[in-house]
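Structural features, examined
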Amino acid sequence: EQRANGVITVTDERMTRFWITMTQGVDFVLRCLDLMHGGEVFVPKIPSMRIMDLVRVVAPDCEVKITGIRPGEKVHEVLVAEDESHHTVDFDDMYVILPSHPWSNARHWSDARPLAPGFRFASDTNDRWLSDADLVQLMREA
């Protein structure tokens, strides 16, 4: 709708976001249902994209109006925070935040790698970034 009007509103040009299609999300949830033991939080390793890259791909000829961050809005998404790293394990395609309850049994995850203290999985420091072509492909799949 904004593209048709020729003006795209962006709250902050520094923003980054994680990207996942509905199908990818559903497949991830279904897979995790088979893996869960109780109380874990499963975090997929998904790519990030800068909001301004999205605007450039979706509405390349439009004017961009910066409106300012709204109350409660974040510049970057954080899916694993630093204070969670000590009870999070790493798999090739996901992180699993283990429950900190005494009944939790970490041996269920003995094939996982521990994270370094202070690790953070955030959309601005992610090592996987969507290219323009990747974004176009995601939009086709959606």
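Structural notes, computed from the coordinates. Here the residue index of a chain counts from 1 through its sequence in written order. A pLDDT threshold of at least 70 governs which residues receive local features in this predicted model, and a stricter bar of 80 or more applies before side-chain atom pairs are shown or counted, although totals over entire chains, interfaces and linings include all residues. Note that the side-chain values use all heavy atoms of the structure and ignore hydrogens as well as water.

Before going further, it helps to spend a moment on the overall build of the chain. Helix and strand counts for the chain come out as 4 helices and 10 strands. Secondary structure elements follow DSSP: runs of H or I no shorter than four residues count as helices, runs of E no shorter than two count as strands, and numbering proceeds from the N terminus. What you see in the chain, going N to C, is helices and strands ordered as α-β-β-α-β-β-α-β-β-β-β-β-β-α. Summarising its shape, the C-alpha atoms of the chain cover approximately 55 × 30 × 25 Å along the three principal directions. Buried positions account for 35% of the 142 residues belonging to the chain. A fraction of 82% describes how many contacts in the chain between residues 6 or more apart in sequence connect residues 24 or more apart. A 1.4 Å probe and the Shrake-Rupley method give the accessible areas. Residues count as covered only by the protein chains that appear here. Surface accessibility of the chain: about 9000 Å² in total, with carbon and sulfur atoms responsible for 54%. Charge convention: Lys and Arg are scored as positive, Asp and Glu as negative, and His as well as the terminal groups of each chain are ignored. To locate a charge, take NZ of a lysine, CZ of an arginine, CG of an aspartate or CD of a glutamate. Separation of charge centres in the chain, based on 15 positive and 23 negative side chains, amounts to 2 Å. Between buried and exposed lies partly exposed: a residue is buried under 20% and exposed over 50% of the maximum accessible area for its type, with that area taken using a 1.4 Å probe on protein chains only. By definition in these notes, contact holds between two residues if any of their heavy atoms fall within 4.5 Å.

Of all hydrophobic cores here, the largest spans 10 residues; its members are Phe28, Cys32, Phe42, Val89, Phe91, Met94, Val96, Leu98, Trp109 and Ala112. Taken together, the elements giving at least two residues each to this core come down to helix H2 (22-35) and strand E8 (94-97). To define a nonpolar core, start from buried Ala, Val, Leu, Ile, Met, Phe, Trp, Tyr and Cys residues and group those joined through side-chain atoms within 4.5 Å.

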